[in-house]
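Summary of structural features
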Amino acid sequence: MTKDQTGRIIGAAFGLVFIQANAATLPTAVAVPLRLLSLAAFLWVAVLGRRGRAAAPPAGAPSGTRFGRRYWYVVAAEVAGLAAGLVVIAQVLHTPQASVGWIAFVVGVHFSGLAVAWRRPALHVLGASIAACGAAGLVLAGLDAPVAAIRAVAGVLPGALLLASVLRPGRTTPAAAASEVRSGTPA
């Protein structure tokens, strides 16, 4: 399995978790299909996504997903941000319904860090989208919106964004991803 395929499975797993954990607050007629679709999307990525072998990159070309030192710096910053924010939300603000918004916000920001670490500018779009969902969830929590609304905006929607991003055929090189961002069309 390539590192890019591993990254896709990780993204799909987190998308699945976002939806499974947050769909419970929705009406059953909505929650059950969402949960089944997210499971099917994850299985698609985990099983069928492993079948295709990526073409070997040209000699000297940087590889796609790299789980090196820069990746672990981004993950460490994410974990620290999550922990600190969740403590403040629970212990200082006493607003547990804001937790899902904070988690989505930090995960979104983490994708911007990965965009830099992996030289994949297209990840900035995914990161900004998920962070915006998280920020909207935080605002909803601050306005005492229903928990179902908070979890739909800051939990289910980011999960769907993650799954959609890994279901879409990937780009094998950072240059192809950058070209797509500049032109708005797949390379």
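It should be noted that the structure appears before, not after, this text.
Rules used throughout
Residues numbered from 1 in each chain as written. Predicted model: local features only at pLDDT ≥ 70, side-chain atom pairs only at ≥ 80, totals over all residues. Heavy atoms only, no water. Patch = residues over 30% accessible without salt bridge, like charges linked within 9 Å, V, L, I, M, F, W, Y side chains within 5 Å. Areas by Shrake-Rupley, 256 points an atom, 1.4 Å probe, with all protein chains shown as cover. Salt bridge = Lys/Arg side-chain N within 4 Å of Asp/Glu carboxyl O. Helix = DSSP H or I, 4+ residues; strand = E, 2+ residues; numbered from the N terminus. Core = buried A, V, L, I, M, F, W, Y, C linked by side-chain atoms within 4.5 Å. Buried < 20%, exposed > 50% of the residue type's maximum accessible area, 1.4 Å probe, protein only. Contact = heavy atoms within 4.5 Å. Expected span 1.5 Å × (residues − 1). Axes fitted to C-alpha atoms, helices over the stretch in contact; angles between N-to-C directions. Parallel < 35°, antiparallel > 145°, perpendicular 65-115°, else oblique. Left-handed = near helix turned anticlockwise from the far one by under 90°. Nonpolar A, V, L, I, M, F, W, Y, C, P; charged D, E, K, R; others polar.

A look at a nonpolar patch on the surface
A surface patch of nonpolar side chains, amounting to about 530 Å² of accessible area, comprises Leu39, Leu43, Trp44, Val47, Leu48 and Leu167. For the nonpolar patch, the element with the highest residue contribution is helix α2 (residues 28–47), accounting for 4 residues. Summarising the element assignment, leucine 48 is placed in the loop between α2 and α3 (69–92).

Overview of the nonpolar core
Membership of the largest hydrophobic core comes to 15 residues, with the highest contact counts inside it found for Phe111, Leu114, Trp118, Leu123, Leu126, Ile130 and Leu162. Put simply, the parts of the chain that give this core at least two residues each are α3, α4 (99–117) and α5 (122–142). Ranked by residue count, the leading element in this core is α4, at 6 residues. The residues touching leucine 126, leaving out its near neighbours within four places in the chain, are Phe111, Leu161, Leu162 and Ser165. Among the nonpolar cores identified, the runner-up in size contains 14 residues, and Ala12, Ala23, Ala31 and Leu163 belong to it.

Some remarks on α3
Quick reminder: α-helices carry 3.6 residues per turn. Residues three or four places apart thus point the same way. Counted at 1.5 Å a residue, the expected span for α3 with its 24 residues is 34 Å, and the 33 Å between its end C-alpha atoms agrees. Every buried residue of α3 is accounted for by Tyr71, Val74, Val75, Glu78, Leu82, Gly85 and Ile89. The inward-facing, buried residues of α3 abut α4. Of the residues one or two after α3, histidine 94 is the one with positive phi, at around 50 degrees.

A word on the packing of α4 against α5
Any two packed helices are characterised by the angle at which their axes cross and by the distance between the axes. Following both chains from N to C, one finds α4 and α5 inclined at 165 degrees, their axes separated by 7 Å at the closest point. Between α4 and α5, the angle is such that the two are roughly antiparallel. Of the two possible hands of crossing, α4 and α5 adopt the one that is left-handed. Along the contact surface, α4 presents Gly101, Trp102, Ala104, Phe105, Val107, Gly108, Val109, Phe111, Ser112, Leu114, Ala115 and Val116, while α5 presents Leu123, His124, Leu126, Gly127, Ile130, Ala131, Gly134, Ala135, Gly137 and Leu138. Counted by class, the contact of α4 with α5 contains 15 nonpolar, 7 polar and no charged residues.

Observations concerning unusual backbone geometry
Residue histidine 94 is not a glycine yet carries a positive backbone phi of 50 degrees. Considering the arrangement of structural elements, one finds histidine 94 in the loop between α3 and α4. For histidine 94, a relative accessible area of 58% corresponds to the exposed category.

Structural notes on the pattern of salt bridges
As a working rule, side chains carrying opposite charge can pair if their charged atoms are close by. Under the defined criterion, the tally for this structure stands at 2 salt bridges. Put simply, aspartate 4 and arginine 120 hold a salt bridge, and the shortest N to O gap is 3.2 Å. Within this pair, whereas aspartate 4 is found in helix α1 (residues 3–22), its partner arginine 120 is found in the loop between α4 and α5, the two being separated by 116 residues in sequence. On the basis of relative accessibility, which here comes to 13%, the residue arginine 120 falls in the buried class. In this structure, a network of salt bridges that share partners links the residues Asp4, Arg8 and Arg120.

A closer look at the environment of threonine 95
Examined against the element boundaries, threonine 95 turns out to sit in the loop between α3 and α4. Overall, the relative accessible area of 18% leaves threonine 95 in the buried class. The spatial distance from the C-alpha of threonine 95 to the C-alpha of aspartate 144 is 9.3 Å, given a sequence separation of 49 residues.

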